[in-house]
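As a plain string of letters, each chain reads:
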Amino acid sequence: MMLLAIEQGNTNTLFAVHDGSDWIAQWRAATEASRTADEYAVWLNQLMTMKGLAFAALTGCIISSVVPQSIFNLRNLARRYLNIEPLVIGENAELGIDVRIAKPSEAGADRLVNAIGAKLVYPGDLIVIDSGTATTFDIVANDGAFEGGLIAPGINLSLQALHEAAAKLPRIAIQKPEHVIGKGTVEAMQSGVFWGYISLIEGLVQRIKAEWARPMTVIGTGGVASLFEGATESIDHFDPDLTIRGLLEIWRRNAQMTD
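Owing to the predicted nature of the structure, the values given are computational and were not obtained by experimental measurement.

What follows covers the sheet that holds strand 1 (residues 3-8). Note on sheets: strands pair through backbone hydrogen bonds, and any given pair is parallel or antiparallel. The mixed open sheet is built from 5 strands, whose spatial order is 3-2-1-4-5. Both edges of this open sheet fall to strand 3 (23-30) and strand 5 (87-88), since each of them pairs with a single strand only. Pairing of strand 2 (residues 12-18) with strand 3, which is carried by 7 bridges, proceeds in the antiparallel orientation. Across the sheet, the residue bridging to N12 is A30, located in strand 3.

Here it is in structure tokens:
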């Protein structure tokens, strides 16, 4: 087996290759809804060649995207250049997860994939915090069911909003400030955004646990989750491979169904 897993968020798109035993290559590209299958193919072919890999070696493809207008081109990439009919989360892929919300179709593909990836490793009831364009808090029950959660603006959106809405506030990079009390504009913005998000995480985790009323394990993942490592005790584990682990598991479940 040689699987290409494509995980597309609003900001970045991850392409990862699994050889049946391990993830042997991973690449990221900025998400652009207008990027064509041909453009993806040229870019991906060059990177795979550098790793000694070829399109012909790929035997499967699975796609998870929160950008509906991009799925057409990603599907065409698999069909036209890989000669593979891809599994697409939300379309032709059976997830094997119970979705316990009022309208199960509203659950984002990335959130369900994360729930599956988390439950493979962590026992008990879980809170999965995915820090990306949006910051999501998803509840996974002990039996593996998706129980819903919360959606908040991501940390980068907050920085962008500060810069765009306030003429005198500059565009800054996200980093952990040395002090909570900033002695200048940049330091004050960094502190407000960074420690503001730590407080958001800590406060929401506390409220979720109080409402759930059972012990819960908290897992952090996503593009900026590593920034928070060591800054809060509310997150028990940081797991950057949560999503692609979930995609691999969904691929295996569907492969077993067709055997």
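Right, let's get into the layout of surface pockets. The space that makes up the largest pocket amounts to roughly 790 Å³. Mapped by element, the contributors of at least two residues to the lining of the largest pocket are strand 1, strand 2, strand 3, helix 3 (109-119), strand 6 (125-131), strand 7 (134-140), helix 4 (155-165) and helix 6 (242-258). Of the residues in the lining of the largest pocket, the class split is 8 nonpolar, 19 polar and 7 charged. Taken as a whole, the second largest pocket encloses approximately 200 Å³ of empty space. In this structure, the second largest pocket is lined by 15 residues; those nearest its centre are G90, S105, A107, A109 and L112. Class assignment for the residues of the lining of the second largest pocket results in 10 nonpolar, 5 polar and no charged.

The rules we used
Residues numbered from 1 in each chain as written. Predicted model: local features only at pLDDT ≥ 70, side-chain atom pairs only at ≥ 80, totals over all residues. Heavy atoms only, no water. Pairing = 2+ DSSP bridges. Helix = DSSP H or I, 4+ residues; strand = E, 2+ residues; numbered from the N terminus. 1 Å grid on protein atoms, 1.4 Å probe; cavity = no way out; pocket = protein on both sides within 12 Å on 5 of 7 lines; lining within 4 Å. Points joined across faces, edges and corners; volume = space filled by probe spheres on them. Nonpolar A, V, L, I, M, F, W, Y, C, P; charged D, E, K, R; others polar.

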